[in-house]
Amino acid sequence: MTVIHLPPRLTVVPSRPEPELTIAHAQGLLRSAIAHLRHAEEHALDAAFGNGSLEQGIDLAVMAAEGALLDLLLLSGCSTTDRPLRQILRERQAERENG
């Protein structure tokens, strides 16, 4: 007869971050989203009023707006319905960073 020893039952203990850290993190994400939105506005206005290349202005505005949306999705907790969008935005961000 073979005896199989199973590991002891594991219990999950939920960890809760310190409230100050959570608030600081949320505020950081919110400031980042605001900065991205400001950059998007600047690039869109430049493109609209002919300051520089139209295509480049639009591309830069889109990148900044996507950054803001990613920050806001993370800030909102990103529900399961938003996960595909978050994944797309992260992949696009990684593509830009890697060349």
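Data block above holds the structure.
The paragraphs below set out a description of the structure included in this document. Fair warning: this is a prediction, and the values are worked out from it, not measured in the lab.

Cut-offs applied
Residues numbered from 1 in each chain as written. Predicted model: local features only at pLDDT ≥ 70, side-chain atom pairs only at ≥ 80, totals over all residues. Heavy atoms only, no water. 1 Å grid on protein atoms, 1.4 Å probe; cavity = no way out; pocket = protein on both sides within 12 Å on 5 of 7 lines; lining within 4 Å. Points joined across faces, edges and corners; volume = space filled by probe spheres on them. Helix = DSSP H or I, 4+ residues; strand = E, 2+ residues; numbered from the N terminus. Nonpolar A, V, L, I, M, F, W, Y, C, P; charged D, E, K, R; others polar. Axes fitted to C-alpha atoms, helices over the stretch in contact; angles between N-to-C directions. Parallel < 35°, antiparallel > 145°, perpendicular 65-115°, else oblique. Left-handed = near helix turned anticlockwise from the far one by under 90°. Contact = heavy atoms within 4.5 Å.

Concerning the layout of surface pockets
Considering only enclosed or pocket space, the largest pocket measures out at about 160 Å³ in volume. In terms of lining, the largest pocket is formed by His36, Met63, Ala64, Glu66, Gly67, Leu70, Leu89, Arg92, Gln93, Arg96 and Glu97. Put simply, the parts of the chain that give the lining of the largest pocket at least two residues each are helix H2 (54–76) and helix H3 (83–98). Class assignment for the residues of the lining of the largest pocket results in four nonpolar, three polar and four charged.

Section: the packing of H2 against H3
Geometrically, a packed helix pair is captured by the angle between its two axes and the distance between the axes. Close contact between H2 and H3 brings their axes to 10 Å; oriented N to C, the two are set at 135°. Relative to H3, the element H2 is oriented oblique. Relative to H3, the crossing made by H2 is left-handed. In this structure, H2 contributes Val62, Met63, Glu66, Leu69, Leu70, Leu73 and Leu74 to the contact, and H3 contributes Leu85, Arg86, Leu89, Arg90, Arg92, Gln93 and Arg96. When grouped by side-chain class, the residues that make up the contact of H2 with H3 number eight nonpolar, one polar and five charged.

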